[in-house]
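# Working through the structure, step by step
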Amino acid sequence: MADYDADRLTLRLDGLPPARHRPPDFLDLPERTVKPRRAGITHVLDRGMSPLELESLLQTAGEHIDLIKLGWGTAYVTRGVADKVAICREAGIRISLGGTLLEIAVEQGKLEQYLDWTRELGIDHVEVSNGSLSMAAADKRALIQRLAGEFTVIAEVGSKGAPDADADEWCEEMLGDLAAGASWVIAEGRESGTAGLFDRSGAVRRELVDCIVHAIGAETVIFEAPQRAQQTWLLEHVSPSVNLGNIAPEDVIPLETLRRGLRYETLDLLPRPVNR
């Protein structure tokens, strides 16, 4: 992990360096995995932050962020993307483009141009999905296999538009993507939290989550869960170290308090007191 000194930045209006402090550790809280993590990943959805906004986020919450996704095609229409890549690299945070952008590039026969642009930006994590445009599972696996030789591949499973999700089909596709070379698989939930893992009201499809955990294991799956109730359910029913994705930048710290049992919703995660 890169040596990143958040204290070199300042958010003070007077321009003075921020006060240094050590995080407290006097409470008994659920154990938190440390970076570089395989479990307990927080995957953030960037809707188009500026480099300054990103630096501000990392100063207050960088230690809790593992992966930032430049959502959809936002990287294609915003300035400062190369700067954000450099900031994340210095902070030891993985960064990838959104899968929809790759789907469009493949659909238009522009994969090579997409890859050249990705290399130019210095991005070494690539999301491969087929949730927006039609791509056969076999073609998706072939693409993953090709890209895995150069990039860390994150494969997303699930349609953004289909009203229902077949648990067996999802698990079969996830296993195939991992076998093809993906390092993680993302379980679709969308930014709204009303598709894939969830019904249109945002309720968790429990049988789908149970199937994924049983067949794949939680460590290699990132569950998209943008809503607090969804995050709470997954933390309580899977693990406080479940990998969670599509987290809004402003929700990184609230999610961390949920993981650590510091909110009413997850007080049950706190270690039970020892009788003395």
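Structure's up top.
Residues numbered from 1 in each chain as written. Predicted model: local features only at pLDDT ≥ 70, side-chain atom pairs only at ≥ 80, totals over all residues. Heavy atoms only, no water.

### Side note on the pattern of salt bridges
Opposite charge on two side chains permits them to pair, given that their charged atoms come into close proximity. This model, assessed by the stated rule, comprises 16 salt bridges. Here Glu191 ties to Arg47 by a salt bridge, and the two come within 2.5 Å at their closest N and O atoms. Residue Glu191 is found in the loop between β6 (184-187) and α8 (206-215), and its partner Arg47 is found in the loop between β1 (42-46) and α1 (51-61); the two are separated by 144 residues along the sequence. For Glu191, a relative accessible area of 34% puts it in the partly exposed group. Overall, Arg47 belongs to the partly exposed group, its relative accessible area being 40%. (Salt bridge = Lys/Arg side-chain N within 4 Å of Asp/Glu carboxyl O. Helix = DSSP H or I, 4+ residues; strand = E, 2+ residues; numbered from the N terminus. Buried < 20%, exposed > 50% of the residue type's maximum accessible area, 1.4 Å probe, protein only.)

### Side note on a nonpolar patch on the surface
Together, Phe26, Leu27 and Leu262 give the surface a local cluster of nonpolar side chains, amounting to about 350 Å² of exposed area. Note on Phe26: relative accessible area 67%, which makes it exposed. (Patch = residues over 30% accessible without salt bridge, like charges linked within 9 Å, V, L, I, M, F, W, Y side chains within 5 Å. Areas by Shrake-Rupley, 256 points an atom, 1.4 Å probe, with all protein chains shown as cover.)

### Description of α1
The α-helix winds at 3.6 residues per turn, so residues separated by three or four positions along the chain end up facing the same way. Among all positions in α1, only Leu54, Glu55, Leu57, Leu58, Gln59 and Ala61 are buried. On its buried side, α1 packs onto β2 (67-70), α3 (81-91) and α10 (252-259). (Contact = heavy atoms within 4.5 Å.)

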